[in-house]
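Take a look at the letters that make up each chain.
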Amino acid sequence: MFWLAETTTFRDVNRIVVKIGTSSITYPSGKLNLHRLESLVRQLADLCNEGRQIVLVTSGAIGAGMSRLGLSKRPTTIPEKQAVAAVGQGLLVHIYEKLFGEYGRVVAQVLLTRNDLSERTRYLNARHALKALLRFGTIPIINENDTVAVDEIKFGDNDTLSALVAGLIDGDLLVILSDVDGLYDRDPRGNQSAELLSVVSQLDQSHEEAAGGAGTSMGTGGMGTKLKAARIAVQSGIPMFIANAARDGVLRALLSGEEVGTLFVPDSCRLGSRKQWIAFTKHPAGAVIIDDGACRAVREQGKSLLPIGVVSVQGEFHSGDLIQIINLAGQEVARGLTNFSSWEVERIRGKRSAELEAVLGSTGYEEVVHRDNLTVTEGTTPVTCGQPVSNETE
């Protein structure tokens, strides 16, 4: 048992989120790969028979719609994509329902947009509904609601969606099934000496440099989006695998501790549901730049962000909005819900708490962002990506 030998294999994990992309369940022609779908469904049904709870995040609606409509190229306009997704989503779920039904399993279709998770009430509603479905013994089949989603409310890719869903339902494990064996230390297509990374204990720039964009015309993802999902998962305290969907019995193999794919080791401290919501699901309305002292206080000491540490303000936001907290090097160090609007922060930046009332008049807050409404995030900088390692999409 080589995975995390010092702590655990994955024999006993209960709640598993499995994501599969378009290229793994379709042929190059765009038609559905029924052999691959049957294999996936059989594995998932068997895991359910063991008493595990399974959530499937599936791509393929647009690909299925293209096949049904006889299209050879992926549509480019939003209305066309929405129309094709509307056709394909029904076909995709019908096939899943039929296949799972052969093994006596009940499925439930769940379509999400980012707005469903970015608004706190809707986030909690989705959380409770999914957990209720799992208690009923169903297999939720989740996809982005491509029929109504536009850029402003899209997750962007189902890798990200799967990581958010894993956090939403307090998942024990996230598995992203791809068309490659895992993450390599360099592009294996151009480097015969490239080695598969069995375990990634901490993501860094070297891993991101091995990633790239979508590898086929059928979808939107690639290894870069899988690394983004890995960041979300591990910061949420959830281990994540990338493994090859084409391998027979891949899920059983990785749960048994065989050397399959790439494991991303989670952080030791798991973020609570509210902290995850703050960190990952909302779009920031603006940002504040903070000095080095404030950066240390926020990141290392877990303190609130005070006005005295704010250097400048970016964008326009209101009290209660999510904002980024950025250091002097331009890296995001945290996100949080602001107590003040952008114009108020502009007036009080650099000032001590005792000076706030004189500047703004009566105020009930001393902190720009209270520590209870703040989540420390990994510093991010623009990434220069190499050639894509994966042809996986969505």
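Residues numbered from 1 in each chain as written. Predicted model: local features only at pLDDT ≥ 70, side-chain atom pairs only at ≥ 80, totals over all residues. Heavy atoms only, no water.

**Q** Looking at this model, I keep getting lost on the sheet that holds strand β4 (residues 139-144). Mind explaining?
**A** The strands that make up a sheet pair up through hydrogen bonds in the backbone, lying either parallel or antiparallel. As summarised here, the arrangement of the 8 strands in space is β3-β4-β2-β1-β5-β7-β8-β6, forming an open sheet in which the pairing is mixed. On the outer flanks of this sheet lie β3 (107-112) and β6 (199-200), each paired with one strand and no other. Two elements, strand β7 (residues 240-244) and strand β8 (residues 262-264), share 3 bridges in a ladder whose sense is antiparallel. Following the sheet pairing, I242 is matched in β8 by T262. (Pairing = 2+ DSSP bridges. Helix = DSSP H or I, 4+ residues; strand = E, 2+ residues; numbered from the N terminus.)

**Q** What's the story with the sheet that holds strand β12 (residues 332-337) in this structure? I'm lost.
**A** In spatial order, the strands read β10-β9-β11-β12-β13; together these 5 strands make up an open sheet with mixed pairing. Bordering the open sheet on either side are β10 (310-315) and β13 (374-376), each of which pairs with just one other strand. In this sheet, neighbouring strand axes are inclined to one another by 25 degrees on average, regardless of whether the strands run parallel or antiparallel. Two strands pair when backbone bridges link them, and strand β11 (residues 322-326) and β12 are joined in this way by 5 bridges, in the antiparallel orientation. For L322, the partnering residue across the bridge sits in β12 and is L337. Against the sheet, helix α11 (residues 273-281) touches β11, β12 and β13, its axis set at about 115 degrees to β12. (Axes fitted to C-alpha atoms, helices over the stretch in contact; angles between N-to-C directions. Contact = heavy atoms within 4.5 Å.)

**Q** Explain the nonpolar core here, please?
**A** If you look at soluble globular proteins, the nonpolar side chains tend to sit buried side by side. In terms of nonpolar packing, the biggest core is built from 44 residues, with V17, I142, L174, M240 and F264 touching the most fellow members. Of all the secondary structure elements, the ones that give two or more residues to this core are β2 (53-58), β3, α6 (120-135), α7 (158-168), β5 (173-178), α9 (223-235), β7 and α11. Here the element with the most residues in this core is α9; it accounts for 7 residues. Non-local contacts of M240, meaning those with residues more than four positions away in its chain, are made with L174, I176, K226, A229, A230, A233, T262, L263 and F264. Within the second largest apolar cluster, 39 residues are counted, among which are I25, C48, L99 and V260. (Core = buried A, V, L, I, M, F, W, Y, C linked by side-chain atoms within 4.5 Å. Buried < 20%, exposed > 50% of the residue type's maximum accessible area, 1.4 Å probe, protein only.)

**Q** Help me out: how do you make sense of empty space enclosed by the protein in this one?
**A** A water-sized probe rolled over the atoms picks out the places where empty space is left. In the structure shown here, the tally under the stated rule is 3 cavities of 30 Å³ or more. By volume, the largest cavity is sized at about 50 Å³. Contributions of two or more residues to the lining of the largest cavity are made by α7 and α11. Here the lining of the largest cavity is built from residues that sort into 7 nonpolar, 4 polar and no charged. (1 Å grid on protein atoms, 1.4 Å probe; cavity = no way out; pocket = protein on both sides within 12 Å on 5 of 7 lines; lining within 4 Å. Points joined across faces, edges and corners; volume = space filled by probe spheres on them. Nonpolar A, V, L, I, M, F, W, Y, C, P; charged D, E, K, R; others polar.)

**Q** In this structure, what is going on with helix α4 (residues 78-101)? I would like to understand it.
**A** Each turn of an α-helix holds 3.6 residues, which means side chains three or four residues apart point in the same direction. The end-to-end C-alpha distance of α4 is 34 Å, a good match for the 34 Å that 24 residues give at a rise of 1.5 Å each. Turning to α4, its buried residues number three or more, namely Q82, V84, A85, G88, Q89, L91, L92, V93, I95, Y96, L99 and F100. (Expected span 1.5 Å × (residues − 1).)

**Q** I tried to follow the confidence of the model for the protein chain on my own but got confused; where do I start?
**A** As a note on interpretation, predicted positions should not be read in detail where pLDDT is low. With 86% of its residues at a pLDDT of 70 or more, the protein chain has an overall mean of 84. Here residues 1-7 is a poorly scored stretch, pLDDT under 50, and it has 24 contacts once near neighbours within four places are set aside; other chains count. Between residues 379-394, whose pLDDT stays under 50, and residues either more than four places distant or in other chains, the model counts 80 contacts. (pLDDT = per-residue confidence, 0-100.)

**Q** Where do I start with unusual backbone geometry in this structure?
**A** The bulk of non-glycine residues show a negative phi, and the bulk of peptide bonds are trans. Its identity is not glycine, yet D170 carries a phi of approximately 60 degrees, on the positive side. By secondary structure assignment, the location of D170 is in the loop between α7 and β5. With a relative accessible area of 27%, D170 lands in the partly exposed category.

**Q** What is the right way to look at the environment of C269 in this model?
**A** Inspection of the secondary structure assignment puts C269 in the loop between β8 and α11. Residues C269 and G237, spaced 32 residues apart in sequence, show a C-alpha to C-alpha distance of 6.2 Å.

**Q** Could you clarify how one ought to interpret the side chain of R52 in this entry?
**A** Assignment of secondary structure puts R52 in the loop between α2 (34-49) and β2. Relative accessible area serves as the criterion here: at 12%, R52 is assigned to the buried category. Within the structure, R52 has its side chain in polar contact with the backbone oxygen of V13 (distance 2.7 Å). At a separation of 2.8 Å, a polar atom in the side chain of R52 contacts the side chain of E50. In contact with R52, other than residues within four places in its own chain, are F10, R11, D12, V13, N14, I16, L47, R252 and L255. (Polar contact = N/O pair within 3.5 Å; in protein donor to acceptor, adjacent residues only side chain to side chain.)

**Q** Just to check I follow, could you spell out a nonpolar patch on the surface for this structure?
**A** A cluster of nonpolar residues, L69, L71 and V87, forms a patch on the protein surface that exposes about 210 Å² of accessible area. For L71, the location among the structural elements is in the loop between α3 (61-69) and α4. The partly exposed category is assigned to L71, whose relative accessible area is 34%. (Patch = residues over 30% accessible without salt bridge, like charges linked within 9 Å, V, L, I, M, F, W, Y side chains within 5 Å. Areas by Shrake-Rupley, 256 points an atom, 1.4 Å probe, with all protein chains shown as cover. Salt bridge = Lys/Arg side-chain N within 4 Å of Asp/Glu carboxyl O.)

**Q** Even after reading the chapter, I still don't get the pattern of salt bridges, so can you show me in this structure?
**A** Oppositely charged side chains are able to pair whenever their charged atoms sit close together. Tallied over the full model, the rule gives 12 salt bridges. One salt bridge in this structure joins D170 and R127, with 2.7 Å as the shortest N-O distance. Placement of D170 in the loop between α7 and β5 and of R127 in helix α6 is noted, with a sequence separation of 43 residues between them. Look at R127 and you get buried, because its relative accessible area is 12%. Across the salt bridge formed by D170 and K131, the nearest N and O atoms sit 2.7 Å from each other. Here the residue D170 occupies a position in the loop between α7 and β5, and K131 occupies one in helix α6, the gap between them amounting to 39 residues.

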